[in-house]
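# Structure at a glance
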Amino acid sequence: MSRNDWEVVIGLEVHAQLNTASKIFSGASTAFGSEPNRQASAVDIALPGVLPVLNRGAVERAIRFGLAIDAQVAPKSVFARKNYFYPDLPKGYQISQFELPVVSGGTITIRVGEGDKAYEKTVNLTRAHLEEDAGKSLHEDFHGMSGIDLNRAGTPLLEIVSEPDMRSSAEAVAYARALHALVRWIEICDGNMQEGSFRCDANVSVRRPGGPLGTRREIKNLNSFRFLQQAIDFEVQWQIERLEDGGTIQQATVLFDPDTGETRVMRTKEDAHDYRYFPDPDLMPLVIVPEWIDRVREQLPELPAAMKARFIDDYGLSAYDATTLTASREVATYYQAAVDAAGQAQAKTCANWVMGDLAARLNKAELDVTASPVSPTQLAGLVTRIADNTISNAIGKKVFDALWNGEGDSADDIIEAQGLKQVTDSGAIEAMIDEVLAANQKSVDEFRAGKEKAFNALVGQVMKASRGKANPAQVNEILRRKLGG
Amino acid sequence: MINASLTELRAALDAGQTSSVELANLFLDRIDRLDGTLNSFITVDRARALDAARAADARIATGSAGPLTGIPIAHKDVFCTQGVLTTCGSRMLSNFVSPYDAHVVELLGRAGAVMLGKTNMDEFAMGSSNENSHFGAVRNPWNTDRIPGGSSGGSAAAVAARLVPAATGTDTGGSVRQPAALTGVTGIKPTYGVVSRYGMIAYASSFDQAGVFAASAEDCALMLSAIAGFDPRDSTSLERPAEDYSLALQQSAAEPARPLAGLRIGLPEEFFGDGLAADVRAAVEAAIEEYRRLGATTVAVKLPNAKLAIPAYYVLAPAEASSNLSRFDGVRYGHRAAEYGDLDDMYRKSRAEGFGAEVKRRILVGTYVLSHGYYDAYYLQAQKLRRLIAEDFRAAFTQCDVIAGPTSPTTAWAIGAKTDDPVQMYLSDIYTIAVNLAGLPGLSHPAGFGDGGLPVGLQLIGNYFDESRLLGTAHRYQQATDWHLRRPAIAA
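Residues numbered from 1 in each chain as written. Chains lettered and ligands numbered in written order. Predicted model: local features only at pLDDT ≥ 70, side-chain atom pairs only at ≥ 80, totals over all residues. Heavy atoms only, no water.

## What to know about the sheet that holds strand β16 (residues 278-279) of chain A
All names here are of chain A. In space, the three strands of this open sheet follow the order β5-β4-β16, with antiparallel pairing throughout. Only two strands of the sheet have a single neighbouring strand rather than two, namely β5 (93-97) and β16. Two elements, strand β4 (residues 79-83) and β16, share two bridges in a ladder whose sense is antiparallel. Paired with Ala-80 across the bridge in β16 is Pro-279. (Pairing = 2+ DSSP bridges. Helix = DSSP H or I, 4+ residues; strand = E, 2+ residues; numbered from the N terminus.)

So this is what it looks like as structure tokens:
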């Protein structure tokens, strides 16, 4: 049997760090990177007698997420204690949500693959719940001992759990990317994966198509999309080989080693914790009244799915273009601003520029779109001048470069200063053509002998003579008339 | 002066008849003289107390004294006190100095009360006899071979022996009311949520509530007024306007001869059944007769699920405790074993050495009832019982204004008598625990003496937020009787 006889089943658990200024149950700052234990309050280090107080900002972000994925926001949810001992877990329990999470259900639509093979798929979410992060154990630099840094302890997390709906690492990555874009889009998480603001756990199993679910293994703490893909691919291969060798899969938690590209077992089901969840008696049930949800809804920006649909319906963009342009809030905002300035009729042209020249230049310069030297208004000005035939598309690229390099404040300034205005005076074009025909008798002969290619060479010569400014359509027309005579 | 009420002390301080420093020295000297026997204090901080007393005197001199400014008090060692050892009666915290003050400590400090020290207690407030303290058993001032009750036994004994005029305590299953009864003082535990738990080392969070001890209801009202009120640092603290519990006491009765006319006292038959010692029954019934004489009517009420209070409590409280006490792991503060191998070994040894037997027993029980496969059968069932018990009280309060009965089924027993039988020990809280399950306020006041001249307490249970009614009722009783003025020989 081959790999193709197996179906891969993947569900993701994502921990998104919520971008509140203070922690979920204390007033300590959540800023990243300060000296160890400088941002750990009495509550965070779990001194005797301290009590948690819920940060409403964290709840509000959970509501935003719930609304963004069209899920149910629970009118009443409950914080529970997850009990286990670890030095970087100061209370000996993590405050999380267990039986009644703040968000249930919801969907995220992903686009997987490229070109003709691209397809869309809707991934169902199980739940999203609020919880606090633990601190960090530092195993280096302490001469055989471990250091504990509790700055991260109490940082608010939204744990977002999907159904096991994904069938390949590509789908898993597409889902993770869409989720990553969404939490940044609705501004609840900075999405910084290096700093651990967005961490993925992947539950992976394989089965015979249509058969019962296989035993899953959970790959913990994947902090890049590349590692997510590599880890799943390795894990799938490993599970299939094991099963095909007649072995069985033990439920286990595994870690991915990016250096070897392999997963290794951290703990098996036998030594899994009994977390002894129970409702935290220090916190009242979290009650979210409909008015609160309404207020949050009013403040929500247009969501990527709605924006994508609008780009397709109103702007006539392809599904691919609309998906690409709404992959991040920043790109979408840039694009929208350009269309607003250039007019809806130029929506497609704007899309081409944003996804083409602009994206290429940004990529090459390793710049984020928010740092683009060419503003949406400047790009719109350029697109407008191409549309009204002030300049050709080719000159447009020159103007774009000039804008990028800061040679002028607007496309108009650059066109004016550099004399790039298209020549549409047919008398002037005719004069140029006459000169070119006189100087290129060989090409004229070849064209007349039936070589269409020679025509293009002549057009090129005319454009060259006009320094690119002659209106290409007029050049074509006049030249053909003269040659065809 | 040692037998004066807080009101009398206030008057003497304001009139310049004494100073806060003088009072502090007076009571500190008594502690020095008597507490070697009683063992009611874990920490006495004379220098700090005198500093606070001097500050109080300065404040009194400016005329800005509050009701408690300059009054000596003691805190149960469950409350965190900045810069002062806070042990919770445990070896685990025998080296712990808190960097912050508990809400209760902060409020009484702000009021100008002068803390003399921290009182002994059952380890982590788990116990009914104060024999579970790492710092040794506390002795009952009425008979030093007897226990003072627990877990706030140190505070109760200190007030009874007049080592301090008033003290704080906490009541999770009766830990203020039962020792108050057994030492012949007045103690009140308010409605759950009235006093912030911030800085009070948690035993069972959904039951723990701070309370106070003093000679009389009048004194308790002053103390409770100082510590009650909303605190945003405790999410279970109730957002209600602050209340002055002394006001109700000052109202004049419509019928001076029958000041409790119109008050309906409910008598639950379950509180007067088997297991109630004859001497306690006699004293409590006599006290109830006195209430009738003062104009109150009595009505029989039923609390059919009260008998389930102890089993429910001994599932839920240990469950919460097993989790609350997880933070004592030897990593950041508190006891850490001197030698250990790996991390697990450090946890095991530190906790094995740091916790006493009763604490370990409750951690084990709590861990068990929360375990996978047992949670539904124990924890959830006990939560259901908790609701049934609260419902019993709700129904009873449709027939009466307060409920009265014995606080404890017996008077103080001999030290060591129940230490080998935890269940017998647990049963001593049979009348108090249901109140914590329901979150209601409860008060115990002296109601005479039983065999051997040991104090008997009467418990008054109120509806939610009826602290003023409880204190007012007890106050009328204390205006007509003098049980609360009796002092053990040691206090003479």
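## Quick notes on empty space enclosed by the protein
Residues and elements named next belong to chain A. Scanning the model with the defined rule gives seven cavities of 30 Å³ or more in all. Of the pockets and cavities examined, the largest cavity occupies roughly 140 Å³. Lining the largest cavity are 17 residues, with Val-43, Asp-44, Lys-91, Ile-95 and Glu-132 sitting closest to its centre. (1 Å grid on protein atoms, 1.4 Å probe; cavity = no way out; pocket = protein on both sides within 12 Å on 5 of 7 lines; lining within 4 Å. Points joined across faces, edges and corners; volume = space filled by probe spheres on them.)

## Description of the UniProt feature "domain: Asn/Gln amidotransferase" (unreviewed entry) in chain A
On the UniProt side, "domain: Asn/Gln amidotransferase" (unreviewed entry) is annotated at positions that read residues 333-483 of chain A here. Annotated as 72% helix and 0% strand, the span residues 333-483 of chain A places its first and last C-alpha atoms 49 Å apart. (UniProt positions renumbered as here; feature names shortened; annotations may be inferred.)

## Some points on the domain arrangement of chain A
Size of an interface, as often reported, equals the accessible area lost when the parts are brought together. You can read the domains of chain A as domain 1 (3-292), domain 2 (302-417) and domain 3 (426-484). The C-alpha-based centres of domain 1 of chain A and domain 3 of chain A are spaced at 65 Å. (Domains from an automatic or database assignment.)

## Some thoughts on the packing of aromatic side chains
Per the stated rule, a full pass over the model turns up 29 aromatic pairs over all chains. Judged by centre distance (4.9 Å) and plane angle (80 degrees), the ring pair of B:Tyr313 and B:Tyr314 falls under edge-to-face. We classify B:Tyr313 as buried; its relative accessible area is 3%. The exposure class of B:Tyr314 is buried, given its relative accessible area of 11%. Grouped by ring-pair contacts, the aromatic residues B:Phe96, B:Phe124, B:Phe328, B:Tyr333 and B:Phe355 constitute a single cluster. A cation over a ring is seen here: A:Arg217 above A:Trp238, with NZ or CZ 3.9 Å from the ring centre. The cationic tip of B:Arg240 hangs over the ring face of B:Phe465; the distance from NZ or CZ to the ring centre is 3.8 Å. (Phe/Tyr/Trp six-rings, centres within 6.5 Å; stacked < 30°, edge-to-face > 60°. Buried < 20%, exposed > 50% of the residue type's maximum accessible area, 1.4 Å probe, protein only. Lys NZ or Arg CZ within 6 Å of the ring centre and 35° of its normal.)

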